[in-house]
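Structure assessment
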Amino acid sequence: MAVLRPFAKLPALNSAVFLLVGSDEGLQQKLAEALLREKKNFKISIHLATSLPLPSERDHLRPRIDLIAFMIDIKSKYSLKNVQDSLAYVDASFFLGKVCFLVTGVGRVNYCSVEMNAIWKLGEVYCSPVLFCELELEGIRVATAQRLLRMLQICAGHVPGVSALSFSSLMRNSADD
């Protein structure tokens, strides 16, 4: 049960690795396909996991992970619990701009089973941005993929003059100030 560390491995040239953690495998797959369809000038590798820790027997083969997105389904308390349990297996260094929380199902607020305060608190405690989206809708899924791709590009160090940490500070909620 290894803890994921952001700088334990060397980065690969002109590539980026994205880890998507969430309990809804169908939405994970749709988002991964949308990310791969987007035009980009670097190689992207997407890994899907329902929860952490990742199996340690393949740790030596796993590339360096540049960005982790934890998916929380707003209509599933299990989804939030799964993310909260998985966070224990992520090194604190990842929370310096290389983690985000992706809240799905926001178009169905009537069926909300997760407290919005719990989600905001998660983002605040882990100093990570919270992105809200509706992955069932193609247009919003594409826009979310574009946003995540830009975040991944920054986290992988492919944008000169912008670090993951500085970008993360720009993503903070202005109400926090």
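Because the structure is a prediction, the values reported are computed rather than measured.

Rules used in this analysis
- All residue numbers here refer to positions counted from 1 along the written sequence of the relevant chain.
- Only residues with pLDDT of at least 70 are given local features in this predicted model, and only at 80 or more are side-chain atom pairs given and counted; all residues enter the totals for whole chains, interfaces and linings.
- Side-chain measures here rest on the full set of heavy atoms in the structure, leaving out hydrogens and waters.
- Comment: elements are numbered from the N terminus, with helices defined as DSSP H or I runs of at least four residues and strands as E runs of at least two.
- A 1.4 Å probe rolled over the protein chains alone gives each residue an accessible area, and that area as a share of the maximum for its type sets the label: buried under 20%, exposed over 50%, partly exposed in between.
- Any two residues whose heavy atoms approach within 4.5 Å at even a single point are treated as in contact.
- A pair of strands is labelled paired if DSSP reports no fewer than 2 bridges between them.
- Under this scheme, a helix contributes an axis fitted over its contacting stretch, all axes are lines through C-alpha atoms, and angles between N-to-C directions fall in the 0 to 180 degree range.
- Here is the rule for handedness: rotate from the far helix to the near one, and if that takes an anticlockwise turn smaller than a right angle the crossing is left-handed, while a clockwise turn gives right-handed.
- Three classes are used: nonpolar for Ala, Val, Leu, Ile, Met, Phe, Trp, Tyr, Cys and Pro, charged for Asp, Glu, Lys and Arg, and polar for all others, with Gly counted as polar.

With that settled, consider the environment of Gly123. Within the fold, Gly123 resides in helix α3 (residues 116-125). You can call Gly123 buried: its relative accessible area is 7%. Residues Gly123 and Cys100, 23 residues apart in the sequence, show an inter-C-alpha distance of 7.9 Å. Beyond its immediate sequence surroundings of up to four residues, Gly123 is in contact with Phe101, Ser128 and Val130.

Once that is clear, we can look at the pairing of strand β4 (residues 99-104). Extensive coverage of β4 is indicated by the burial of 6 of its 6 residues. The side-chain alternation of β4 yields two buried faces, one formed by Val99, Phe101 and Val103 and the other by Cys100, Leu102 and Thr104. Two strands pair when backbone bridges link them, and strand β3 (residues 67-73) and β4 are joined in this way by 6 bridges, in the parallel orientation. When the bridges of β4 are listed, Asp73 appears paired with Thr104.

Between two packed helices, the angle of one axis relative to the other and the distance separating the axes together describe the packing. It is at 9 Å that the axes of helix α1 (residues 25-37) and helix α4 (residues 138-155) come closest, and there the two elements cross at 65°. Read as a crossing pair, α1 and α4 show a hand that is right-handed. Counted together, Lys30, Leu31, Ala34, Leu35 and Arg37 of α1 and Glu138, Arg141, Thr144, Ala145, Leu148 and Leu149 of α4 form the full contact between these two elements. For the contact of α1 with α4, the class distribution of residues is 6 nonpolar, 1 polar and 4 charged.

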